[in-house]
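An overview of the molecular structure
So the chains spell out like this:
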Amino acid sequence: MAAKRGFRKRQRRLIMLGLVLPALFAAVGLTLYGLRSSTVYFYAPSDLPNAQELAERTIRLGGMVVKDSVVQGEGTLVSFLVTDFEETVLVTFDGLLPGLFADEEGVVAQGKLLADGTFKAERVLAKHDEKYMPPEVAESLKGDYGEYQRQRKED
Amino acid sequence: MESTLLGQDFTREIAICWGVSALILGGLMLHAWQALREAKQGRD
Amino acid sequence: MEFISKLANPERFMRVSQWLLPIFAVLAFICLIGGGIWALGFSPADFRQGDTVKIMYVHVPAAWMSMATYAIMGVASFVGFVWRHTLADIAARQAAPMGFAFTLLALMTGSVWGQLTWGVWWDWDARMTSMLVLLFIYAGYMVIWQVIENETQAARLAAILCMVGVINLPIIKFSVDFWESLHQEASIIRADGPSMPASMYLPLLAMALGYTFLFSTYLLMRMRTVILMKRRGSKTKGRAPSIAKTVAGETV
């Protein structure tokens, strides 16, 4: 008798979890999916809204630094081009660039889009990719470094 | 444009990361081991 | 199910864990010492990150284990909630401090690495934010056990929180693919194989195994301690129930 009641209670708990947990997970999943477009961590140059829309809001711009586009100005003033291979944005920054900042590497700049279409960064972050290798291997690839970079972009 | 941290000295940062990891995990293990020993002794 | 019921018998658990515990402890020791020497002494520097890549060998295992520990707690909470197995409740509760520590270490070591490579200690990208949420879930889980005095009630409530929090695990894992993020994508667990040479991922796997065995050792030690304390509590119960209750309440 007691065993039978225990069995029924356990079944009820299982059914309850079976209904509540998937519903909850689905709700969270759908919410996150819905939020995806409004919670952008950074904009690519071609997704960038125009300056009026942003109205002085601080945003992040992400992309790749264009080769040979880095220009050192007076003091720590620096400017460079950020591209997503569709559009390109000129970024100006007054400060120290991070250790891994480089041409043809990922970068995330935080700041404001000005009316003239340039981006004034308050903070510049270097993005690191998921590829790791020892320097000797990188050295041996150096002749094919362009090839390696192209491959990386395709990935 | 330089894009490598190769050749720079990060001994301090690496030591902090490994040291803190060892300290926290080691501390937890030691605490668990002591508690188990006390529980064993207390049984007699 | 048969397997779970068998392990759920505390007597059998004590017998099995008694010889499993030293094996896990020795394996953890070997993997961590070996992996540590391998990673710090012999693994190469990265062509861009330089020596900062050595932080990865403590960061990645901590991050993996923070999620693995939570997954184990989720399963234990489910078993404890549905079948009312006390042993499962004990396992879930005792795993939490280690999970909290793993999460904290992953955040801390990641922060040092981020400062050196990205140029910032912290940024609110999806991976970092979801890991911070995991830390808070661990904290909330432990607080529930501390605050609710009735152990049965605490077990139910903690189990519910833990099961609901499982939703955070896929969010953490896929945060770097689903959203644009500062944190890079997975290097080891990926469809086209590791994007890392063997000279780096082998010491990393040794460290990860070491962390896994360390956690197993910790969990078995804690569970054995709790069961021993409970036994002592029930032994004295006949004579002085109030004292037995305080002892169990304090240490369990």
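Residues numbered from 1 in each chain as written. Chains lettered and ligands numbered in written order. Predicted model: local features only at pLDDT ≥ 70, side-chain atom pairs only at ≥ 80, totals over all residues.

1. A closer look at the overall build of chain C
- Secondary structure assignment for chain C yields 9 helices and 0 strands.
- For chain C, the α and β elements follow one another from N to C terminus as α-α-α-α-α-α-α-α-α.
- Expressed along its principal axes, the backbone C-alpha trace of chain C runs to roughly 70 × 35 × 35 Å.
- A separation threshold of at least 6 residues defines the contact pool for chain C, and within that pool the share at least 24 residues apart is 72%. (Helix = DSSP H or I, 4+ residues; strand = E, 2+ residues; numbered from the N terminus. Contact = placed C-beta atoms within 7 Å.)

2. Structural notes on helix α5 (residues 126–147) of chain C
- If you check α5 of chain C, its first and last C-alpha atoms are 31 Å apart, about what 22 residues at 1.5 Å a residue would give, namely 32 Å.
- Within α5 of chain C the residues assigned to the buried category are A126, R127, M128, S130, M131, L134, I137, Y138, Y141 and I144 of chain C. (Expected span 1.5 Å × (residues − 1). Buried ≥ 20, exposed ≤ 12 C-beta atoms within 10 Å, placed from the backbone.)

3. Considerations on the interface of chain A and chain C
- Contact with chain A, which involves 31 residues of that partner, is made by 34 residues of chain C.
- Breaking the side of chain A that touches chain C down by element, the ones donating at least two residues are α1 (2–35), β6 (119–126) and α3 (135–140) of chain A.
- Top element by residues in the side of chain A that touches chain C is α1 of chain A. It accounts for 8 residues.
- Residue classes in the side of chain A that touches chain C are distributed as 21 nonpolar, 3 polar and 7 charged. (Nonpolar A, V, L, I, M, F, W, Y, C, P; charged D, E, K, R; others polar.)

4. Some remarks on the interface of chain C and chain B
- Taken together, the 28 residues of chain C in the interface contact 26 residues of chain B.
- Of all elements in the fold, only α3 (56–83), α4 (86–117) and α8 (198–237) of chain C reach the threshold of two or more residues within the side of chain C that touches chain B.
- Among the elements that make up the side of chain C that touches chain B, the one with the highest residue count is α8 of chain C (9 residues).
- Looking at the side of chain C that touches chain B residue by residue, the classes come out as 17 nonpolar, 5 polar and 6 charged.

5. Comments concerning the nonpolar core
- Ranked by size, the top nonpolar core spans 110 residues in total, and within it L61, V82, V91, V107 and A109 of chain A together with A91 of chain C carry the most contacts.
- If one sorts the elements of this core by residue count, α8 of chain C sits on top with 19 residues.
- Among all residues touching V91 of chain A, those that are not within four sequence positions of it are L61, S79, F80, V82, A109, F119 and A121 of chain A. (Core = buried A, V, L, I, M, F, W, Y, C linked by C-beta atoms within 7 Å.)

6. Some details on the pairing of strand β1 (residues 59–65) of chain A
All names here are of chain A.
- Counting buried positions along β1 yields 6 of 7 residues, so the element is predominantly enclosed.
- The pairing of β1 with strand β5 (residues 106–113) spans 6 bridges and is classified as antiparallel. When the sheet's bridge partners are listed, R60 is paired in β5 with Q110.
- Bridging between β1 and strand β3 (residues 77–83) involves 2 bridges; their strand directions are antiparallel. Looking across to β3, one finds that M64 is bridged to T83. (Pairing = 2+ DSSP bridges.)

7. Here's the deal with the pairing of β3 of chain A
Residues and elements named next belong to chain A.
- Relative to β3, strand β2 (residues 71–72) runs antiparallel, the two sharing 2 bridges. Bridge assignment links V71 to a residue of β3, and that residue is S79.
- Remark: 4 residues form the turn of the hairpin made by β2 and β3, two consecutive strands paired antiparallel; G75 in that turn has positive phi of roughly 60°.
- Pairing geometry for β3 and strand β4 (residues 88–94), over 7 bridges, is antiparallel. Considered in β4, the bridge of L77 is made with D94.

8. Considering the confidence of the model for chain A
- Scored by pLDDT, chain A comes out at a mean of 81, with 83% of its residues at no less than 70.
- Of all secondary-structure elements in chain A, the lowest mean pLDDT belongs to helix α4 (residues 145–154) of chain A, at 51, while β4 of chain A reaches the highest, 94. (pLDDT = per-residue confidence, 0-100.)

9. Some remarks on the environment of G140 of chain C
- Relative to the helices and strands, G140 of chain C resides in helix α5.
- Spatially, the C-alpha atoms of G140 of chain C and M73 of chain C are 14 Å apart, while their sequence positions differ by 67 residues.

10. Focus: the confidence of the model for chain C
Residue and element names in this part refer to chain C.
- Averaged over every residue, the pLDDT of chain C is 89; the share at 70 or more is 90%.
- Note that pLDDT drops below 50 for residues 238–252; the model gives that stretch 14 contacts with residues more than four away or on any other chain.
- Reported confidences for the modelled complex are a pTM of 0.86 and an ipTM of 0.92.

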